[in-house]
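# Descriptive structure summary
Here are the chains, one letter per residue:
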Amino acid sequence: MQKWARLLYQPGVPLYGDTRVTGSKEHIDISKRAADEAVVLLKNENDLLPLSGDAPVAMFGKASYEYIKGGGGSGDVFCKYIRSLYDGLKERGVRVYEPVIEYYRQEIEKQYEAGRAPGMTAEPDLSEDMVKGARNFADTAIIVINRFSGEGWDRSKVESPSEFSPWPAATSMPTLSGEVFPDGDFVLTAKEKEMVSKVTASFDRVIAVLNIGGTLDLRWVKEDAKIGAALYMGQLGMEGGLATADVLLGKVCPSGRLSDTFAGTLEDYPSTEGFHESYEYVDYSEDVYVGYRYFETVPGAAEKVVYPFGYGLSYTSFDMEVVDAAAVKEVSGLKKTVNAADFTEGNDGFCFTVKVTNTGKVAGKEVVQLYYSAPQGLLKKPARELGDFAKTRVLAPGEAQLLTLSVSKYELSSYDDLGKVSDASYVLEKGVYSFYIGENVRNLTKTDFEFNNEEDKVIQKLSHKLASVELKKRMLADGSFEELPVGEHKDINACIFEKMEPGTEEALVPAVRGRDSYFLTYPYKEGAKTFAEVAEGKVTLDEFMAQLSDEDLIHLCGGQPNTGVGNVFGFGNLPEYGVPNAVTADGPAGVRIQPETGVKTTAFPCATSLACTWNKDLVEEVGFAGGEELKENNLCVWLTPAINIHRSPMCGRNFEYYSEDPYLTGRLAGAMVRGIQRNNVGASVKHFACNNKETNRKHCDSRVSERALREIYLKAFEMIVHESAPYTIMSSYNVINGERASESHDLITGILKEEWGFTGFVTTDWWTRGEHYKEIKAGNDLKMACGFPERVKKAQEMGAVNRADFEQCARRILATILKFD
Ligand code: BGC
């Protein structure tokens, strides 16, 4: 096939041979394997699980019928089928009490007809007679609870009055949420509670299964002795029900581990207090004490934890022993390739060899987690931080495997944004650094190996970027707050000319560029040096770009029309010069292609569930398969992975994101990027950065300290840039410290491009409220879904932007297109 043939001609040709890989059995098997490893066993009293499979079961809760495969919005995926837990158990030959399932089916369908959405339905009444009938049929009851959330709204009834949407929705999801979950969806509704107590009153063997994409109050699971076993199923894509059935039946030994801390109440999370304080801003006052960094550090917080970060049981048992620990010259952690001169000892660190032995009776996989603690020093630090992790292969009983884990000094260091040790620097404070190995953040053994750092060391000297201006205080390790210097309020709408009328910036479709002439034999502008000649090495990119007019370059800086099965637009598309249109597709739980096209893709587990696998190789496999589907459908950039940090359980898009921990996120999402890009198509890592709330997401200011930015919110992006070289990064809608992310020079040019050496291009999120010329000026190379050429031209005339600015952006976009084959 000619280079770019898929982009130029949109052929309906399979990727390899005669059969398509899109939605194929092989890919569905990968989705199923990922789902198998994502299920987390939370509780298993008296070895209630695994089930024998011969005995009948009764299922309760509308979620036994209504399976939620993932979240809503651009993260939804259209696949051939989905399998609920009921379907999965039936597939495995388990007898299920049908009248209850039939009852739920009818009740749920009725609610859908009345306008309710999947997962946003009320738990129907459960009659005593029905429970009695089920009890006569089976000894074992499985209760299934589900939750749903999506893009554009948070898990609450609060809706922003200033949010404009060009797509009139029949239903307001926050309103619906208020109706279905009057006390919020973090707790069981009255009807769910009633159902649970009726079931536990009648059955002695009760298993709870949680089909949820975020966190929930699980005290009822942990504390109710009548619930013998529980699984965090997560949202597992198309084969979730079968995977969960296989875990229940012991066909798969559970090896998932939680990627978040589950606390008892929403208020237990420090982010809750100010979450809805304002539509205009969110104060990240808990600073670096996010997730377990808060619960394991701040006095009094530990007892609020129901299930800790990293937690998960197995049907077998393992022994873990550190057999070797050493300081090494270079570790495979965060590799620093830029500003090498600024480094004293960033790359050296510590390696641990851990022997894991299966000491139980069945084969299974174990996850080894390495945490470290740094001296409190002047900066104060979380008590534990994840340094590395590794998962074993399937170990037979008695079998052992050696795993190597490592952490670099750069990772151990903290960012000093107030100059307590060294201003605007990563510093390794003097004192003792300890290392812990274990099964979860709570169940750890301190290793004998310690690092005694005798004096404060500057690991990397940087400069202030994106400093907070209106965040007044931040939390310290003892739970007290320190005051922060406050600057002057910035106007996010500052513009050299009239801003566009609110609402007119959105849902505009890129204009199709017409051509003056078109010849079949030479379809280019007369005398043009073509882009193919650049690909062939006959013309340099500089020479090619020199012939383009300012208008051509500005055109390249904006989104381009859909072609083929694309629905979220493309870039490039300069036909007179042979630049193809490279079309993007949404994700991250599968390649999102509209069902009208007739193409059904594979729905993989949502990102939070992928994170629960703690398995880099498996996530890379998912990425590779997704990349293949993208390419086979003639698309070029998968808007995947989404890696924002789970700062608050209320964020509506948490299901699309991996974890509360940046290291787990960065490692796994980095593997996803590598998998995708092995196909010579691009990943777009999103949303850069601090898109941790959906309400008023296009204007809301995330007010956050430089330290929390560096250590928590930017860290996973940094890791991925260094380890996986993504083709593209998507800036976020929101504002950070008074600047729209897409207009922030500090963020995009200062940190991402100059400090980290990112070589791909940056795209905006779709229809940001940023001003196009300001985005170009910040180094945001592409404005999606469409650019505003006339406004950029006007800004050029007024001297606010110049050819060199958009030339740089266009160069990065063209250089990326050259990578597609
Ligand atoms: C979302 C992105 C998505 C894009 C294209 C935006 O609304 O925030 O995650 O990739 O739309 O659909």
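Keep in mind it's a predicted model, so treat the numbers as computed, not measured.

Cut-offs and rules
- Residues numbered from 1 in each chain as written.
- Predicted model: local features only at pLDDT ≥ 70, side-chain atom pairs only at ≥ 80, totals over all residues.
- Heavy atoms only, no water.
- Near = heavy atom within 4 Å.
- Polar contact = N/O pair within 3.5 Å; in protein donor to acceptor, adjacent residues only side chain to side chain.
- Areas by Shrake-Rupley, 256 points an atom, 1.4 Å probe, with all protein chains shown as cover.
- Nonpolar A, V, L, I, M, F, W, Y, C, P; charged D, E, K, R; others polar.
- Pairing = 2+ DSSP bridges.
- Helix = DSSP H or I, 4+ residues; strand = E, 2+ residues; numbered from the N terminus.
- Axes fitted to C-alpha atoms, helices over the stretch in contact; angles between N-to-C directions.
- Contact = heavy atoms within 4.5 Å.
- Buried < 20%, exposed > 50% of the residue type's maximum accessible area, 1.4 Å probe, protein only.
- Domains from an automatic or database assignment.
- Buried area = accessible area lost by both parts, 1.4 Å probe.
- Salt bridge = Lys/Arg side-chain N within 4 Å of Asp/Glu carboxyl O.
- Left-handed = near helix turned anticlockwise from the far one by under 90°.
- Disulfide = S-S within 2.5 Å.

### Some words on the site of the ligand
- Among the 13 residues in the neighbourhood of the ligand, the closest are listed as E151, D586, R653, H687 and D765.
- Contact between the ligand and E151: an oxygen atom at 2.6 Å from a side-chain N or O atom of the residue.
- Protein chains shield 92% of the accessible area of the ligand, which is 310 Å² for the free molecule.
- Residues of the shell around the ligand, tallied by class, amount to five nonpolar, two polar and six charged.

### Description of the sheet that holds strand β14 (residues 414-416)
- Read from one edge to the other, the open sheet built from three strands follows the order β14-β15-β18, with strand pairing classed as antiparallel. Only two strands of the sheet have a single neighbouring strand rather than two, namely β14 and β18 (457-461). Ignoring strand direction, the axes of neighbouring strands in this sheet form an average angle of 40 degrees.
- Strand direction decides the pairing type here: β14 and strand β15 (residues 425-428), joined by three bridges, are antiparallel. Directly across from D416, in β15, lies its bridge partner S425.
- Contacts from helix α18 (residues 706-713) reach β14 and β15 within the one sheet, and its direction differs from that of β14 by about 160 degrees.

### Side note on the sheet that holds strand β25 (residues 701-703)
- The strand order across the open sheet formed by four strands is β7-β25-β27-β28, and the pairing between neighbours is mixed. Only two strands of the sheet have a single partner each, and these edge strands are β7 (281-283) and β28 (739-740).
- In this structure, β25 lies alongside strand β27 (residues 735-736), joined through two bridges in parallel fashion. By the bridge assignment, D701 is partnered in β27 with V735.

### A short note on the pairing of β15
- Across the two faces of β15 the burial is the same, with S425 and V427 and Y426 and L428 all buried.
- Two elements, β15 and β18, share four bridges in a ladder whose sense is antiparallel. Counterpart to L428 in the pairing with β18 is K457.

### Quick look at the domain arrangement of the protein
- Looking at the protein, the domain boundaries give domain 1 (25-265), domain 2 (318-358 + 363-396 + 399-466) and domain 3 (531-817).
- Domain 1 and domain 2 are separated by 37 Å when their C-alpha centres are compared.
- Buried surface at the junction of domain 1 and domain 2, summed over both partners, amounts to about 480 Å²; 37% is from carbon and sulfur atoms.
- Among the residues domain 1 hides against domain 2, the three largest losses belong to E37, S255 and R257. Together they make up 81% of the total.
- For the interface between domain 1 and domain 2, the tally reads three salt bridges.
- Applying the counting rule to domain 1 against domain 2 returns four residue pairs in polar contact (both at pLDDT 80 or more).
- Class assignment of the residues belonging to the side of domain 1 that touches domain 2 gives a composition of one nonpolar, one polar and two charged.

### Side note on the packing of helix α16 (residues 616-632) against helix α17 (residues 662-677)
- Interhelical geometry of α16 versus α17 gives an angle of 35 degrees and a closest axis separation of 7 Å. As for how α16 packs across α17, the hand of that crossing is right-handed. Together, K616, V619, E620, V622, G623, F624 and G627 of α16 and R667, L668, A671, M672, R674, G675 and I676 of α17 make up the contact between the two elements.
- Among the residues forming the contact of α16 with α17, the class breakdown is seven nonpolar, three polar and four charged.

### With respect to the state of the cysteines
- According to the stated counting rule, one finds zero disulfides in the structure shown.
- The structure places no disulfide on C651, whose sulfur is separated from the nearest cysteine sulfur, that of C700, by 11 Å.
- The closest cysteine sulfur to the non-disulfide-bonded C700 is located on C690, 11 Å from its own sulfur.
- By relative accessible area, C700 is classed as buried at 5%.

### Focus: the environment of A390
- Here A390 lies in strand β12 (residues 385-391).
- Judged by relative accessible area, which is 10%, A390 ranks as buried.
- Each C-alpha atom of the pair A390 and L405 lies 7.0 Å from the other, and the pair is 15 residues apart in sequence.
- The contacts of A390, once residues within four sequence positions are left out, are E366, V367, V368, L403 and L405.

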